[in-house]
Amino acid sequence: MNAFIRIRDDIRRFVLSRELLFVKIWNALVAFVGLLCISSNFGHYKPISQLWVSIIISIVCAFFPIQGVAFVLSAVLFVDLASLDIGIALVALGLVVIGYLVCAYFRSKNTYNMVVVPICYSFGAPYVISLGAGLMSNITEVTSVVCGSVVAFYLHVIKSNVTAIIDETVEVDSISLIKEQMIQNKMFWFFLAAMTAMFLVVYLLRQSSINMSWIIANVTGVAVEFVIMLAGYLLTSQKGEIPGLILGNILVLLVGVILNYFVLDLDYSRIEKVQFEDDDYYYYVTAVPKIRIVEEDKEIKKI
């Protein structure tokens, strides 16, 4: 066990000593993956769908904050959808703008979730963002998760109907798609319920005073989300989606374990009960110490 803790601490120190560099690499990686998702799922505007263009944009995004990366990806997505259909692109832009306004009203800080959730959705694991936000963020981040889920499902609907949109003999517009394949689609509501319930369960359990709260929150949140989505697939006769759901949830569990390993370092075997008082109150406090390994003092003798 000590070996794993030492490895974790070494990785932490290495990352913190080069924090600015790792932030730039992370921003460039998010931009590059996002651009690849746009080009692979849509790619209707060829000039910005080429690999070398994506690499250049990603390098530029390395010097932007993560919110700036989200703005660049939103702009690229709008241009790509506009080459497919201007009405569909305007609706996508409207959903993003409304999402930002809702997040601003509720003072959500991680507004980039509205872009990251669709990226993870294309990999079949949007629940990673719901889990991560529940573990690492405040309750206000539920707005960014929900708004990102709406945008992700809308893009999924557009991708599923690209052939009909391109076909000039078939009359398809964005309003009918939203009405028939989102509002009247039961899976849309199951998806929103799963993302929201997962965030709330993970957040509330993570805030509780029970032992191993993060691990319990991780497992319980995934279980709640899995049951909701499984019920949705069974009720809508989409049993072929269940294997992908299982694989996606395994990935989510792994992400939760990694976050717990690198972020939380509590030693539940040495819990202390502390009692003290002042003039007005008597306090009962449960103290959970952090895991610390004393560095070895090495003496080097020169002979």
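What you are looking at is a predicted structure, and each value in this text was computed from that prediction instead of being measured. (Residues numbered from 1 in each chain as written. Predicted model: local features only at pLDDT ≥ 70, side-chain atom pairs only at ≥ 80, totals over all residues. Heavy atoms only, no water.)

Caption draft 1: A look at the overall build of the chain. Helix and strand counts for the chain stand at 13 helices and 2 strands. Overall, the C-alpha framework of the chain stretches about 80 × 55 × 40 Å when taken along its three principal axes. The buried share of the chain, reckoned over its 303 residues, is 41%. A sequence separation of at least 24 residues applies to 71% of the contacts in the chain between residues at least 6 apart. Entry remark: accessible area of the chain is about 17,800 Å², with carbon and sulfur atoms responsible for 67%. Side-chain charges in the chain split into 21 positive and 24 negative, and the spacing between the mean points of these groups amounts to 7 Å. (Helix = DSSP H or I, 4+ residues; strand = E, 2+ residues; numbered from the N terminus. Buried < 20%, exposed > 50% of the residue type's maximum accessible area, 1.4 Å probe, protein only. Contact = heavy atoms within 4.5 Å. Areas by Shrake-Rupley, 256 points an atom, 1.4 Å probe, with all protein chains shown as cover. Lys, Arg positive; Asp, Glu negative; His and termini not counted. Charge placed at Lys NZ, Arg CZ, Asp CG, Glu CD.)

Caption draft 2: Here's a closer look at the nonpolar core. Residues Leu-81, Tyr-127, Tyr-154, Ile-158, Met-182 and Met-229 are the most contacted members of the largest nonpolar core, which totals 71 residues. The biggest single contributor to this core is helix 11 (residues 186-207), with 11 residues. Discounting residues that sit within four places of it in the chain, Met-229 has contacts with Tyr-127, Met-187, Phe-190, Phe-191, Ala-194 and Leu-245. (Core = buried A, V, L, I, M, F, W, Y, C linked by side-chain atoms within 4.5 Å.)

Caption draft 3: Local environment of the packing of aromatic side chains. In the structure shown here, the tally under the stated rule is 10 aromatic pairs. Each ring, one from Phe-14 and one from Phe-22, has its centre 5.8 Å from the other, and the planes form 75°; the classification is edge-to-face. A relative accessible area of 42% places Phe-14 in the partly exposed class. When the centroid spacing of 4.9 Å and the interplanar angle of 80° are considered together, the rings of Tyr-261 and Phe-262 count as edge-to-face. In this structure Tyr-261 comes out as partly exposed when scored by relative accessible area, which is 27%. By the ring-pair criterion, three or more aromatic residues cluster together here, those being Tyr-121, Tyr-127, Phe-153, Phe-188, Trp-189 and Phe-191. (Phe/Tyr/Trp six-rings, centres within 6.5 Å; stacked < 30°, edge-to-face > 60°.)

Caption draft 4: Expanded view of the environment of Cys-147. Counting through the fold element by element, Cys-147 comes out in helix 8 (residues 142-160). Cys-147 sits in the buried class, given a relative accessible area of 14%.

Caption draft 5: Quick peek at empty space enclosed by the protein. Per the counting criterion, the structure on display carries 1 cavity of 30 Å³ or more. Roughly 30 Å³ of internal volume is contained in the largest cavity. Forming the boundary of the largest cavity are Leu-35, Ile-38, Ser-39, Ile-48, Ser-49, Val-76 and Asp-80. Listed by contribution, the elements that provide at least two residues to the lining of the largest cavity are helix 2 (19-41) and helix 4 (66-84). The biggest single contributor to the lining of the largest cavity is helix 2, with 3 residues. Its residues assigned to classes, the lining of the largest cavity comprises 4 nonpolar, 2 polar and 1 charged. (1 Å grid on protein atoms, 1.4 Å probe; cavity = no way out; pocket = protein on both sides within 12 Å on 5 of 7 lines; lining within 4 Å. Points joined across faces, edges and corners; volume = space filled by probe spheres on them. Nonpolar A, V, L, I, M, F, W, Y, C, P; charged D, E, K, R; others polar.)

Caption draft 6: Molecular detail of helix 8. When the terminal C-alpha atoms of helix 8 are compared, their 27 Å separation across 19 residues agrees well with the 27 Å that a helix rising 1.5 Å per residue should span. In terms of burial, helix 8 is largely enclosed, as 15 of its 19 residues are buried. (Expected span 1.5 Å × (residues − 1).)

Caption draft 7: Seen up close, the pattern of salt bridges. In the structure shown here, the tally under the stated rule is 1 salt bridge. Among the ionic pairs, Arg-13 bridges to Asp-10, the shortest N-O distance being 2.5 Å. Taken as a pair, Arg-13 and Asp-10 lie in helix 1 (residues 2-17) at a separation of 3 residues, close to a single helical turn. Classification of Arg-13 as partly exposed rests on a relative accessible area of 44%. With a relative accessible area of 44%, Asp-10 lands in the partly exposed category. (Salt bridge = Lys/Arg side-chain N within 4 Å of Asp/Glu carboxyl O.)

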